[in-house]
Amino acid sequence: MARQKFICGNWKMHKTVAEATALVKELADGLAGDARVQVAVAPTFTALAAVGAAVRGTPLELAAQDVHWEVQGAFTGEVSAPMLADVGVRHGIVGHSERRQLFGETDETVRRKVGALLAAGIRPIVCVGELLAEREAGRTLEVVSRQVRGGLAGLSPDVLMAVTVAYEPVWAIGTGKTATTAQAQEVHASIRALLRELGGAPAADAVRIQYGGSVKPENAAELLSQPDVDGALVGGASLKAKDFLAIVKGALR
Ligand code: 13P
């Protein structure tokens, strides 16, 4: 069975509650609700509850940008998976390169966050990707494979199926430089092969692998036409309804 394409907008640290709900309204008005594509948006924590209410009854789903691995406790500034589920979050991004580079995220914290999300009934979107220096040193597949193994360690095949992997080459994020379709497909195929090793063929066939890094209306359709590119994690271009809707349309071609 063909995998349903999955497009998620990662709004990063952008938009007030009013701006976020206005964007959701525009997106909901423009979305056809085609079953071939699943669409989610990940606002900041402060806008999650309002966006959660705004997406109800629309084809849009709610995602969070991060989570803490504990359920509750003395962890000032953190938000737990049950708290995210409480406001309607269905997907949780973990291991984003900005969190790895700026906030000390490691493969081990990613693994714990994946477990916490799954325990709360939230589907993880696990981000992996190499730095420019790592690509230039020919280490892309080694780095990505270490991140996938580390983040997904210990998951049974039926649980693994609920996970989405987002391949985001760090040098392509927010730079306007996109991986070529051949570069993306090569890494996606190697991630799929690794998933087969970790969880068997049914799990590897079920897991969606998104591409992220300067996805725009102009390049989305071509990237998404690759056999192992099952969606996109979109940063900058997800902040404008027109661009994000055009990217979703690219997934339908
Ligand atoms: P850009 O689309 O702005 O390059 O960001 C990609 C990204 O980091 C999505 O998580």
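Below: a short report on this structure. (Residues numbered from 1 in each chain as written. Predicted model: local features only at pLDDT ≥ 70, side-chain atom pairs only at ≥ 80, totals over all residues. Heavy atoms only, no water.)

## Quick word on the pairing of strand S8 (residues 231-234)
Residues in a regular strand project their side chains so that they alternate between the two faces of the sheet.
Argument step 1. Residues Gly 231 and Leu 233 line one face of S8 and the alternating positions Ala 232 and Val 234 line the opposite face, and both faces are buried.
Argument step 2. In this structure, strand S1 (residues 5-10) lies alongside S8, joined through 4 bridges in parallel fashion. Among the inter-strand pairings, Gly 9 is bridged to a residue of S8, identified as Val 234.
Argument step 3. In this structure, strand S7 (residues 208-212) lies alongside S8, joined through 3 bridges in parallel fashion. Across the sheet, the residue bridging to Gln 210 is Gly 231, located in S8.
Argument step 4. One crossover worth recording links S7 to the parallel S8 by way of helix H10 (residues 217-224), and it is right-handed. (Buried < 20%, exposed > 50% of the residue type's maximum accessible area, 1.4 Å probe, protein only. Helix = DSSP H or I, 4+ residues; strand = E, 2+ residues; numbered from the N terminus. Pairing = 2+ DSSP bridges. Right-handed = clockwise from strand over helix to strand, strands pointing away.)

## Details of the site of the ligand
Argument step 1. Close to the ligand lie Asn 10, Lys 12, His 96, Glu 168, Ala 172, Ile 173, Gly 174, Gly 213, Ser 214, Leu 233, Gly 235 and Gly 236, which account for all nearby residues.
Argument step 2. The protein chains hide 94% of the 310 Å² of surface that the ligand would expose on its own.
Argument step 3. Along the lines of polarity and charge, the residues of the shell around the ligand split into 3 nonpolar, 7 polar and 2 charged. (Near = heavy atom within 4 Å. Areas by Shrake-Rupley, 256 points an atom, 1.4 Å probe, with all protein chains shown as cover. Nonpolar A, V, L, I, M, F, W, Y, C, P; charged D, E, K, R; others polar.)

## Quick notes on the sheet that holds S1
Argument step 1. Spatial strand order, S1-S2-S3-S4-S5-S6-S7-S8: 8 strands in a closed barrel with parallel pairing. Neighbour-to-neighbour, the strand axes of the sheet open up by a mean angle of 25 degrees, direction not taken into account.
Argument step 2. Note that strand S5 (residues 123-128) and strand S6 (residues 164-167) share 4 bridges and pair parallel. Considered in S6, the bridge of Val 128 is made with Tyr 167.
Argument step 3. Contacts from helix H7 (residues 140-152) reach S5 and S6, with the element oriented near 155 degrees to S5. (Axes fitted to C-alpha atoms, helices over the stretch in contact; angles between N-to-C directions. Contact = heavy atoms within 4.5 Å.)

## Quick look at unusual backbone geometry
Argument step 1. Despite not being glycine, Lys 15 shows a phi value in the positive range, around 85 degrees.
Argument step 2. As for its placement among the helices and strands, Lys 15 is situated in the loop between S1 and helix H1 (17-30).
Argument step 3. You will see that Ser 214, though not glycine, has its phi angle at about 55 degrees, which is positive.
Argument step 4. Positionally, Ser 214 belongs in the loop between S7 and H10.
Argument step 5. The exposure class assigned to Ser 214 is buried, which follows from its relative accessible area of 15%.

## A short note on the nonpolar core
Argument step 1. Of all hydrophobic cores here, the largest spans 64 residues; its most connected members are Ile 7, Trp 11, Leu 27, Val 51, Ile 191, Leu 195 and Tyr 211.
Argument step 2. For this core, the element with the most residues is helix H9 (residues 181-206), which contributes 7 residues.
Argument step 3. If we skip the residues at most four places from it in the chain, Leu 195 touches Val 148, Leu 152, Leu 160, Gly 200, Ala 204, Val 207 and Ile 209. (Core = buried A, V, L, I, M, F, W, Y, C linked by side-chain atoms within 4.5 Å.)

## Here's the deal with helix H11 (residues 241-250)
Argument step 1. Taken together, the buried positions of H11 are occupied by Ala 241, Phe 244, Leu 245, Ile 247, Val 248 and Gly 250.
Argument step 2. Contacts made by the buried residues of H11 are with S1, H1, strand S2 (37-42), H10 and S8.

Nothing here speaks to function; it is all geometry.
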